[in-house]
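What follows is each chain in one-letter form.
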Amino acid sequence: MAAKVLEKEQLSENVFKLVFDAKKIAKKRKPGQFVVIRIHEEGERIPLTIANADPEKGTVTVIFQTVGKTTTHLSGLDVGDEILDLVGPMGKPTHIEKVGTVVCIGGGVGVPCVYPIAQGMREAGNHVIAIVGARNKDLILMEDEMKAVSDELLIATDDGSYGFHGFVSQALEEECIKKGKKIDHVVSVGPVPMMMAVCNTTKKYNIPTIVSLNPIMVDATGMCGACRVSVGGKTRFVCVDGPEFDGHEVDFKQLIDRQRIYLDQEKESMDHYCSCKQGRGGK
Amino acid sequence: MDMKERMKLPRHPMPEQDPKVRARNFDEVPLGYTPETAKEEALRCIQCKNPTCIEGCPVEIDIPGFIKLVAEGDFLGAARKIKEKNALPAICGRVCPQEDQCEARCIRGKKGEPVAIGRLERFVADYERSQGEVSIPEAASPTGKKIAIVGSGPAGLTVAGDLIKLGHDVTIFEALHKPGGVLVYGIPEFRLPKAIVASEIDYLKKLGVKVATSNVIGKLKTIDELFEEGYDAVFLGTGAGAPTFMNIPGENYNGIYSANEYLTRSNLMKAYLFPEYDTPIVKGKNVAVIGGGNVAMDSARTALRLGADNVYLVYRRSEKEMPARIEEVHHAKEEGIQFHLLTNPTRYIGDENGWVIGMECLRMELGEPDASGRRRPVPIKGSEFVIDVDTVVVAIGTGANPLIQSTTPGLDTNKWGYIMTNEETGQTSREGVFAGGDIVTGSATVILAMGAGRKAATAIHKYVMNK
Ligand SMILES: Cc1cc2nc3c(=O)[nH]c(=O)nc-3n(C[C@H](O)[C@H](O)[C@H](O)COP(=O)(O)OP(=O)(O)OC[C@H]3O[C@@H](n4cnc5c(N)ncnc54)[C@H](O)[C@@H]3O)c2cc1C
Ligand code: SF4
Ligand code: FES
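Residues numbered from 1 in each chain as written. Chains lettered and ligands numbered in written order. Predicted model: local features only at pLDDT ≥ 70, side-chain atom pairs only at ≥ 80, totals over all residues. Heavy atoms only, no water.

1. A closer look at the side chain of Asp 298 of chain B
Residue and element names in this part refer to chain B. Along the chain, Asp 298 falls in helix H15 (residues 294-305). We classify Asp 298 as buried; its relative accessible area is 4%. Residues in contact with Asp 298, not counting those within four places in the same chain, are Ile 187, Pro 188, Phe 190, Arg 191 and Leu 263. (Helix = DSSP H or I, 4+ residues; strand = E, 2+ residues; numbered from the N terminus. Buried < 20%, exposed > 50% of the residue type's maximum accessible area, 1.4 Å probe, protein only. Contact = heavy atoms within 4.5 Å.)

2. Digging into the packing of aromatic side chains
Residues and elements named next belong to chain B. The full count for this structure, using the stated rule, is ten aromatic pairs over all chains. Ring centres of Phe 26 and Phe 190 lie 6.2 Å apart, and the angle between their planes is 50 degrees; this geometry places the pair in the tilted category. A residue pair is termed long-range when its members are at least 10 positions apart, and Phe 26 in the loop between helix H2 (19-22) and helix H3 (35-43) and Phe 190 in the loop between helix H11 (182-185) and helix H12 (194-207) qualify at 164 residues. Judged by its relative accessible area of 9%, Phe 26 falls in the buried class. On the numbers, 4.9 Å between centres and 70 degrees between planes, the contact of Phe 75 with Tyr 127 is edge-to-face. Of this pair, Phe 75 sits in helix H6 (residues 75-83) while Tyr 127 sits in helix H9 (residues 117-130); the two residues are 52 residues apart in sequence, bridging distant segments of the chain. By relative accessible area, Tyr 127 is classed as partly exposed at 25%. Among the aromatic side chains, those forming a connected cluster through ring pairs are Phe 26, Phe 190 and Tyr 272. (Phe/Tyr/Trp six-rings, centres within 6.5 Å; stacked < 30°, edge-to-face > 60°.)

3. A word on the site of ligand 2
Around ligand 2, the neighbouring residues are Cys 45, Ile 46, Cys 48, Pro 51, Thr 52, Cys 53, Pro 64, Cys 106, Ile 107, Arg 108 and Ile 117 of chain B. Broken down by class, the residue content of the shell around ligand 2 amounts to nine nonpolar, one polar and one charged. (Near = heavy atom within 4 Å. Nonpolar A, V, L, I, M, F, W, Y, C, P; charged D, E, K, R; others polar.)

4. A look at the pattern of salt bridges
Oppositely charged side chains may form a pair once their charged atoms are brought near each other. Residue and element names in this part refer to chain A. Summed over all chains, the structure comprises 50 salt bridges over all chains. For the salt bridge of Lys 204 with Glu 173, the shortest nitrogen-to-oxygen distance reads 3.0 Å. Residue Lys 204 is located in helix H6 (residues 192-204), and its partner Glu 173 is located in helix H5 (residues 168-177); the two are separated by 31 residues in the primary sequence. On the basis of relative accessible area, Glu 173 is assigned to the buried category, the value being 11%. Across the pair Asp 184 and Lys 182 runs a salt bridge whose closest N-O atoms are separated by 2.3 Å. (Salt bridge = Lys/Arg side-chain N within 4 Å of Asp/Glu carboxyl O.)

5. Description of the sheet that holds strand S9 (residues 127-134) of chain A
Residues and elements named next belong to chain A. Spatially, seven strands are ordered S11-S10-S9-S8-S12-S13-S16 in an open sheet, and the strand pairing comes out mixed. Strands with a single pairing partner mark the edges of an open sheet, and in this sheet they are strand S11 (164-165) and strand S16 (244-246). Examined bridge by bridge, S9 and strand S10 (residues 152-157) share six bridges and lie parallel to one another. Counted as the bridge partner of Val 132 is Ile 155 from S10. Relative to the sheet, H5 contacts strand S8 (101-107), S9, S10 and S11, its axis offset from that of S9 by approximately 140 degrees. (Pairing = 2+ DSSP bridges. Axes fitted to C-alpha atoms, helices over the stretch in contact; angles between N-to-C directions.)

6. Focus on the nonpolar core
Core analysis: the largest hydrophobic core is formed by 75 residues, its most contacted members being Ile 63, Phe 66, Ile 67, Val 70, Ile 91, Leu 120 and Ile 460 of chain B. Setting aside chain neighbours within four positions, we find Ile 460 of chain B in contact with Ile 147, Val 159, Leu 163, Ala 233, Phe 235 and Phe 434 of chain B. In terms of nonpolar packing, the next biggest core, distinct from the first, is built from 57 residues, Met 194 and Val 229 of chain A together with Val 314 and Cys 361 of chain B among them. (Core = buried A, V, L, I, M, F, W, Y, C linked by side-chain atoms within 4.5 Å.)

7. Focus: the site of ligand 1
Residues and elements named next belong to chain B. Around ligand 1, a shell composed of 33 residues is seen, among which Val 95, Glu 174, Arg 191, Ile 217 and Asp 438 lie nearest. At 3.2 Å from an oxygen atom of ligand 1 is found a main-chain nitrogen or oxygen belonging to Pro 154. A distance of 3.0 Å separates an oxygen atom of ligand 1 from a polar backbone atom of Val 182. Elements supplying a minimum of two residues to the shell around ligand 1: helix H10 (154-165), H15 and helix H18 (446-466). (Polar contact = N/O pair within 3.5 Å; in protein donor to acceptor, adjacent residues only side chain to side chain.)

8. Focus: helix H8 (residues 252-259) of chain A
By the burial criterion, the buried members of H8 of chain A are Phe 252, Gln 254, Leu 255, Asp 257 and Arg 258 of chain A. At its buried positions, H8 of chain A is contacted by H6, strand S13 (209-212) and strand S14 (228-231) of chain A together with strand S6 (256-258) of chain B. One side-chain oxygen of the residue at the start of H8 of chain A lies 3.3 Å from the amide nitrogen of Lys 253 of chain A, identifying that residue as Asp 251 of chain A.

9. Observations regarding the interface of chain A and chain B
Counting residues at the interface gives 45 residues for chain A and 45 residues for chain B. Across the chain A/chain B interface, buried area totals approximately 3800 Å², and carbon plus sulfur atoms make up 52% of it. Summed over the three residues of chain A that lose the most area to chain B, namely Met 223, Arg 228 and Tyr 262 of chain A, the buried surface amounts to 18% of that side. At the surface where chain A touches chain B, the tally comes to three salt bridges. The partner of Lys 178 of chain B in a salt bridge is Glu 41 of chain A, and the shortest N-O contact between them spans 2.6 Å. Across the chain A-chain B interface, the total number found is 24 residue pairs in polar contact (both at pLDDT 80 or more). Mapped onto the side of chain A that touches chain B, the elements with two or more residues apiece are helix H1 (23-28), helix H2 (69-75), strand S7 (85-90), S14, strand S15 (234-237), H8 and helix H9 (263-280) of chain A. Here the side of chain A that touches chain B takes five residues from S7 of chain A, the largest share from any one element. Taken together, the residues of the side of chain A that touches chain B break down into 14 nonpolar, 15 polar and 16 charged. (Buried area = accessible area lost by both parts, 1.4 Å probe.)

10. With respect to helix H16 (residues 326-335) of chain B
Residues and elements named next belong to chain B. Regarding H16, the residues found buried are Glu 328, Val 329, His 331, Ala 332 and Glu 335. The buried residues of H16 occupy an angular sector of 160 degrees when projected down its axis, which confines them to one face. Structurally, H16 contributes buried residues whose contacts are with H2, H15 and strand S9 (338-340). Phi turns positive one or two residues past the end of H16, at Gly 336, with a value near 105 degrees. (Arc of directions from axis to C-beta.)

11. A few points about the environment of Leu 74 of chain A
Residues and elements named next belong to chain A. Inspection of the secondary structure puts Leu 74 in helix H2. Classification of Leu 74 as buried rests on a relative accessible area of 0%. In this structure, Leu 74 is in contact with Leu 18, Ile 37, Ile 39, Leu 48, Phe 64 and Ile 83, ignoring residues within four places of it in sequence.

12. Digging into the sheet that holds S7 of chain A
All names here are of chain A. Strands sit in the order S6-S1-S2-S5-S4-S3-S7 across an open sheet of seven strands; the sheet is antiparallel. Looking along the sheet, the strands with just one partner apiece sit at the ends: strand S6 (82-83) and S7. Note: strand S3 (residues 34-38) against S7, four bridges, orientation antiparallel. The partner of Ile 37 across the bridge, within S7, is Leu 86.

13. Focus: the environment of Ile 82 of chain B
Residues and elements named next belong to chain B. Relative to the elements of secondary structure, Ile 82 occurs in helix H6. Classification of Ile 82 as buried rests on a relative accessible area of 1%. With 21 residues separating them along the chain, Ile 82 and Ile 61 place their C-alpha atoms 6.0 Å apart. Leave out the neighbours within four places in its chain, and Ile 82 touches Ile 61, Phe 66, Pro 89, Glu 121 and Val 124.

14. A short note on the pairing of strand S2 (residues 15-21) of chain A
Within a regular beta strand, the side chains point alternately toward one face of the sheet and then the other, so they alternate between its two faces. Residues and elements named next belong to chain A. Burial analysis of S2 places six of its seven residues in the buried class, the great majority of the element. In the sheet, strand S1 (residues 3-12) pairs with S2 via six bridges, with the strands oriented antiparallel. Within S2, the residue paired with Lys 8 across the bridge is Leu 18. Between S1 and S2, which pair antiparallel and follow one another directly, the connecting turn spans two residues. Bridge count for S2 against strand S5 (residues 59-65) is seven bridges, and the pairing is antiparallel. What sits directly across from Asp 21, in S5, is Thr 59.

15. What to know about the packing of helix H5 (residues 63-71) of chain B against H6 of chain B
Two quantities define a packed helix pair, namely the angle between the axes and the distance from one axis to the other. Residues and elements named next belong to chain B. The geometry of H5 relative to H6 is characterised by a closest axis approach of 7 Å and an angle of 170 degrees between their N-to-C directions. Relative to H6, H5 is oriented roughly antiparallel. Taking contact as the criterion, the partners of Gly 65, Phe 66, Leu 69 and Val 70 in H5 are, on H6, Phe 75, Gly 77, Ala 78, Lys 81 and Ile 82. A breakdown of the residues in the contact of H5 with H6 according to their chemical character gives six nonpolar, two polar and one charged. (Parallel < 35°, antiparallel > 145°, perpendicular 65-115°, else oblique.)

Given below as structure tokens:
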């Protein structure tokens, strides 16, 4: 289904927000789910988490960082532009239940992904502690939104320019666990090394931890296996079995390796895009 | 030409691209008959009174009927004759296993070689297409019934074509961004040009079929929601799309693909045209393909065309047991695919970055026949050896995708997850829900999917008109 860009906002140097007109998906989607987009005929299919949706207005919001050709192209779209395909809602929704105190951790562009989960957890009656992290103050995303859906909000920056000085995993340990807060459940979304660090911490304290994985995908309907990852020694397809899994069971090393399969081609694609763009507008 | 002369005519070979040249391009391999060759080949048919060839055809095309018209030079008439039974002759002429179907039953094959029915079918369909606009039949008067078809493979397309001609309002919902099912994502360009599939779908659209791509049923809406939206019947033609892996150590190393992913990247996403198209694919130098079916042949030949130096086809039984079409095995060999028969991988070896560098295999020997009637491969103890590879494609079969079954209460499936139906009607355990094709039978063939679609269309028509 084609979808039109209704709003666009630049959130930081490399992070953009796009709001699409997608009535059916907006009505259906639940926290934790994602969409697949394809911009134009020659385009690739990439998954993006649904950061927000408004069933009344019929809109779906995605927030993404420009990392390669497709996200760069996407960031260049303007209000009124149309992409060829917006498919979804894909993936299993987050399992939301009242368990007590839930820490929702978002690192970098993982924040928009954890936002709907925090919202759902809070609505279910949990005490939600949100931890939002980034390299520095300028890169902290959605602070106000996260504040609105949590009971406590902690900010962590790697360089200490804002909030806790250190990683989100350290903030979790120093500011929550060691301060005696009883934590029943952790949800962590962000770059793989960050999720790994969080899982290492929570494993020590035996706190159940859910992570949302972002492998390379093609169809996102369970048809290709591009997205496979080992969880508890078993191969699972993230697009249909996930994207959320027990973080203590995920083979993160394999996930990192598999995310790097096309590193060389991604660079080639980007170079090709830039040279085309200089030449004749690019595709 | 008298009968004696006609009996002497040899079967006309199919002109093909040279194996060395075609192994490096994605253009179609067979070039097709000329009108002259077609007419002469058609004369080989002796117009049997009780044509056994028709019994071999799952959709019972009037084979001698269309061949007679070819012999007379009435190629458009021949096309119409075929289309009475088969809406997609350009596709079937290319991918049907005629050697197991019509041609296997052709009387002329008893002594000598059968009439080249498949090649004639292909010729006729291509001729019709080359004549420009295919005529659009007058629309039937609307029945006011709405039919939803899930999946746009050969089964779904057949149902759509049949029902639109009866005046129903037909919408196809397809999960991917392009309609065609395996015809677009699986079977490669060099065997089935995508322009042919596209023109068949355009034809359906001109007849009034609505095609809603990027609609994943079960996710965006359920079957029950389709009924709530006012559809009177639903046909499920969702295929057998879930890839199977062997579950051996190292199978998730970088460079190891399911055939579905490998072929989807290349065919649907056009990775062979990277970077003009955005989707990348690993262009391995030493590629192993595991399996012995059409899917394995297609993967191996794709690897070659992507620039591999060595492509190994690794199959655990012997060539005789290979389920692939003989023609494809032959093509693969001609192009230089190296067959490692009676060989089965046991584990993969990777480097420190998680890339596959080797595949450990065991040699096999054939034992007693198994449930499928084929002799069971038995490993030879201590025969382990390693093949150096940088890319592996696992083509050992597919299973049912549970997306719809798991969101449709009351829809009965068998122990493999395939939908259970009445064979004659495609009726499932849910009222108003019909199914056919690979999602019922497991991976089969294009023509069987079309045959199931035809039966289901008849039953759907009856059902909605009596409702
Ligand atoms: C590589 C390859 C080569 C082959 N070669 C041959 C050959 O030479 N000759 C031959 O006769 N057969 C061949 N086959 C088998 C043949 O293609 C299949 O048997 C046939 O396509 C089955 O048709 P179908 O309509 O049942 O399903 P498919 O063609 O599989 O189509 C199913 C469609 O449904 C869609 N779908 C699935 N789930 C959903 C959902 N939830 N919502 C919406 N859409 C959905 C899928 O995306 C797909 O497009 C080959 C198969 C493969 C993979
Ligand atoms: S069996 Fe062979 S010879 Fe007889 S009608 Fe059929 S194609 Fe012709
Ligand atoms: S992306 Fe293809 S199976 Fe998950």
